[in-house]
Amino acid sequence: VAMSTTGDKILDTALSKIGEKSLFTKELENALERNEVDLVVHSLKDLPTSLPPGFTIGAVCKRENPLDAVVFHPKNCGKTLSLLPEKSVIGTSSLRRAAQLKKKFPHLEFRDIRGNLNTRLKKLDEKEDFSAIVLAAAGLKRMGWENRIGQLLGPEDCLYAVGQGALAVEVRAKDQEVLNMVSALHDADTVLCCIAERAFMKRLEGGCSVPVAVNTLLKDGQLYLTGAVYSLDGSDSLKETMQTSVTYPHHNEDGANDDVQHVGITAKNVPGQAQEAAENLGVELASLLLSKGAKHILSVARQLNDAR
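Here the residue index of a chain counts from 1 through its sequence in written order. Owing to the predicted nature of the model, reporting of local features is limited to residues with pLDDT of at least 70; listing and counting of side-chain atom pairs is limited to 80 or more, with chain, interface and lining totals taken over all residues. Side-chain calculation: all heavy atoms of the structure are included, whereas hydrogens and water are not.

**Observations regarding the pattern of salt bridges**
Consideration 1: For this analysis, a salt bridge means a side-chain nitrogen from Lys or Arg found within 4 Å of a carboxyl oxygen belonging to Asp or Glu. Scanning the entire structure with this criterion turns up eleven salt bridges.
Consideration 2: Arginine 96 is paired through a salt bridge with aspartate 68; the nearest N and O atoms lie 2.8 Å apart. Taken together, the residues span a long stretch of sequence, with arginine 96 in helix 4 (residues 95–104) and aspartate 68 in strand 3 (residues 68–72) at a distance of 28 residues.
Consideration 3: Remark: exposure states derive from per-residue accessible area (1.4 Å probe, protein chains only) relative to the maximum for the residue type, with buried under 20%, exposed over 50%, and partly exposed in between. The exposure class assigned to aspartate 68 is buried, which follows from its relative accessible area of 0%.
Consideration 4: Salt-bridge contacts for arginine 148 lead to aspartate 125; the nearest nitrogen and oxygen are separated by 2.9 Å. Secondary structure follows DSSP: runs of H or I at least 4 residues long count as helices, runs of E at least 2 residues long count as strands, and numbering of each begins at the N terminus.

**Looking at the sheet that holds strand 9 (residues 212–219)**
Consideration 1: Reading across from one edge, 9-10-11 is the order of the three strands in this open sheet, with antiparallel pairing throughout. Two strands bound the open sheet, and with one partner strand each, they are strand 9 and strand 11 (237–245). Averaged over neighbouring strand pairs, the angle between their axes works out to 15° when direction is ignored.
Consideration 2: Here eight bridges tie strand 9 to strand 10 (residues 222–230), and the two strands are oriented antiparallel to one another. From the neighbouring strand, valine 212 faces strand 10, where its bridge partner is valine 229.
Consideration 3: Relative to the sheet, helix 9 (residues 272–291) contacts strand 10 and strand 11, its axis offset from that of strand 11 by approximately 150°. Strand pairing requires that DSSP identify at least two bridges connecting the strands. Fitting a line to C-alpha atoms yields each axis, with helices limited to the stretch in contact; the angle taken between N-to-C directions then spans 0 to 180 degrees. The contact criterion used is simple: two residues touch if any of their non-hydrogen atoms lie within 4.5 Å.

**Thoughts on the pairing of strand 6 (residues 132–136)**
Consideration 1: Extensive coverage of strand 6 is indicated by the burial of five of its five residues.
Consideration 2: Residues Ala132, Val134 and Ala136 line one face of strand 6 and the alternating positions Ile133 and Leu135 line the opposite face, and both faces are buried.
Consideration 3: Both strand 3 and strand 6 contribute to a ladder of five bridges, which runs antiparallel. When the bridges of strand 6 are listed, aspartate 68 appears paired with alanine 136.
Consideration 4: One ladder, built from two bridges, connects strand 4 (residues 89–91) with strand 6; its direction is parallel. If you follow isoleucine 90 over to strand 6, its bridge partner there is alanine 132.

**Quick look at the sheet that holds strand 8 (residues 167–172)**
Sheets are built from strands that pair by backbone hydrogen bonding, the pairs being arranged parallel or antiparallel.
Consideration 1: Sheet architecture is open: three strands sit in the order 1-8-2, paired in antiparallel fashion. Each edge of the open sheet carries a strand with a single partner, namely strand 1 (39–43) and strand 2 (55–60). Each adjacent strand pair in this sheet contributes to an overall mean axis angle of 35°, direction not counted.
Consideration 2: Both strand 1 and strand 8 contribute to a ladder of five bridges, which runs antiparallel.

**Quick look at the confidence of the model for the chain**
Consideration 1: Counting all residues, the mean pLDDT for the chain is 89, and 89% of those residues have values of 70 or more.
Consideration 2: A residue's pLDDT is the predictor's confidence in that residue, given on a scale from 0 to 100. Note that residues 15–21 has pLDDT below 50 and, in this model, 20 contacts with residues that lie over four places away or in other chains.

**So, unusual backbone geometry**
Consideration 1: One non-glycine residue with positive phi stands out, namely lysine 87, at about 65°.
Consideration 2: In this model, aspartate 220 sits at a positive phi of 50°, which is unusual for a non-glycine residue.
Consideration 3: You can see aspartate 220 is positioned in the loop between strand 9 and strand 10.

**Topic: the packing of helix 8 (residues 188–204) against helix 9**
Consideration 1: Where helix 8 meets helix 9, the closest approach of the two axes is 7 Å, and the angle between their N-to-C directions is 35°. Here helix 8 runs over helix 9; the crossing is right-handed. For the pair helix 8 and helix 9, contact is made by Leu192, Ile195, Ala196, Ala199, Phe200, Arg203 and Leu204 and by Ala274, Gln275, Ala278, Glu279, Leu281, Gly282, Val283, Leu285, Ala286, Ser287, Leu289 and Leu290, respectively. Working rule for handedness: look at the near helix, and if it is turned counterclockwise from the far one by less than a right angle, call the crossing left-handed; if clockwise, right-handed.

**Quick look at the side chain of arginine 63**
Consideration 1: Along the polypeptide, arginine 63 turns up in the loop between strand 2 and strand 3.
Consideration 2: Judged by its relative accessible area of 18%, arginine 63 falls in the buried class.
Consideration 3: Nitrogen and oxygen atoms within 3.5 Å of one another constitute a polar contact, given that in protein one can donate a hydrogen and the other can accept it, and given that sequence-neighbouring residues count only through two side-chain atoms. Among the polar contacts made by the side chain of arginine 63, one reaches the side chain of glutamate 197 at a distance of 2.9 Å.
Consideration 4: Ignoring anything within four residues of it in the chain, the contact list for arginine 63 reads Tyr160, Ala161, Gly163, Gln164, Gly165, Ala166, Thr190, Cys193, Cys194, Glu197 and Thr216.

**A closer look at helix 10 (residues 294–307)**
Consideration 1: Each residue after the first adds 1.5 Å to the expected span of a helix. The terminal C-alpha atoms of helix 10 lie 20 Å apart, and with 14 residues this matches the ideal 20 Å at 1.5 Å per residue to within 8%.
Consideration 2: Of all the residues in helix 10, the buried ones are Ala294, Ile297, Leu298, Ala301 and Asn305. All buried residues of helix 10 project into a common sector of 90° when viewed along the axis, lining one side. Facing away from the buried side of helix 10, by more than 90 degrees, are the exposed residues Lys295, His296, Gln303, Asp306 and Ala307. Along the arc lie the directions from the helix axis toward the C-beta atoms.

**Overview of the nonpolar core**
Consideration 1: Among buried residues, the Ala, Val, Leu, Ile, Met, Phe, Trp, Tyr and Cys ones that are joined through side-chain atoms within 4.5 Å form a nonpolar core. Counting residues in hydrophobic clusters, the biggest one holds 45 residues, and the most contacted among them are Leu44, Ile57, Phe200, Leu204, Val212 and Val229.
Consideration 2: Those elements that provide at least two residues to this core are strand 2, helix 8, strand 9, strand 10, helix 9 and helix 10.
Consideration 3: It is helix 8 that provides the largest number of residues to this core, a total of ten residues.
Consideration 4: With sequence-adjacent residues up to four places away left out, isoleucine 57 is seen in contact with Leu44, Leu47, Leu51, Ala168, Val169, Glu170, Arg198, Gly264, Ile265 and Thr266.
Consideration 5: The next biggest cluster of nonpolar side chains, apart from the first, holds 14 residues, and it includes Val70, Phe72, Ile90 and Ala98.

And the structure:
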């Protein structure tokens, strides 16, 4: 069942200005609630950290490359952002991308660009408005346009969005049959990384109207989370990394624990203690940033964005 959402329809306004948290999810959740569909598939980064009552993320699939990618205008083919001429215009509707890249590449200008991937690539190729646009590598790859990626932005250039590159399957929380069925799609490593990222975002009360960014790595049973907040122009920022162990045996917990959600995710086949550790990591990292002044940076960013 193909569906169109508010976020797909309002294409003349920056996402961060519309202010609706469930921009790409509401219509799908309504269909789920009315039993018209039994599960809905989202990009995890579109899902708010608190889901409406009665819903849960029943599966998080193996993550595609979470990095951001630069697609260049045909005339700039073979270049990188640092090689573009002074005052070149880069298209992105993401405050997170703009904040980080403004600081890293002060010679460039950033302007909003909206629309689905086809629309954005068309705007880039057919007009002279943009020298390049920044998109999620995962989306380009899934659409078969990986060959358009001119530059991948590593963590040193641009930390990615919470949940970027992962697909989420949302179901009715009480629908045990569907929950059991889709749980086979869970990728344990992706689940733990995304729980940590979502817990970080939730504790910061971040959304698409403020620049919040992350980078996670799961290696040898250790989960590393880097999180950052930025002012709109990138001049002010806070960034920290923390780690925790997520090596726990899987116990067959009693039914009572079956419905435990971690930031909206129900993952029966991932050890509960590991999920808890991941969630705590996100909360602790956010608390550390808040203790260093993140709340002020974010509230100023929110006010400035509202005033734009």
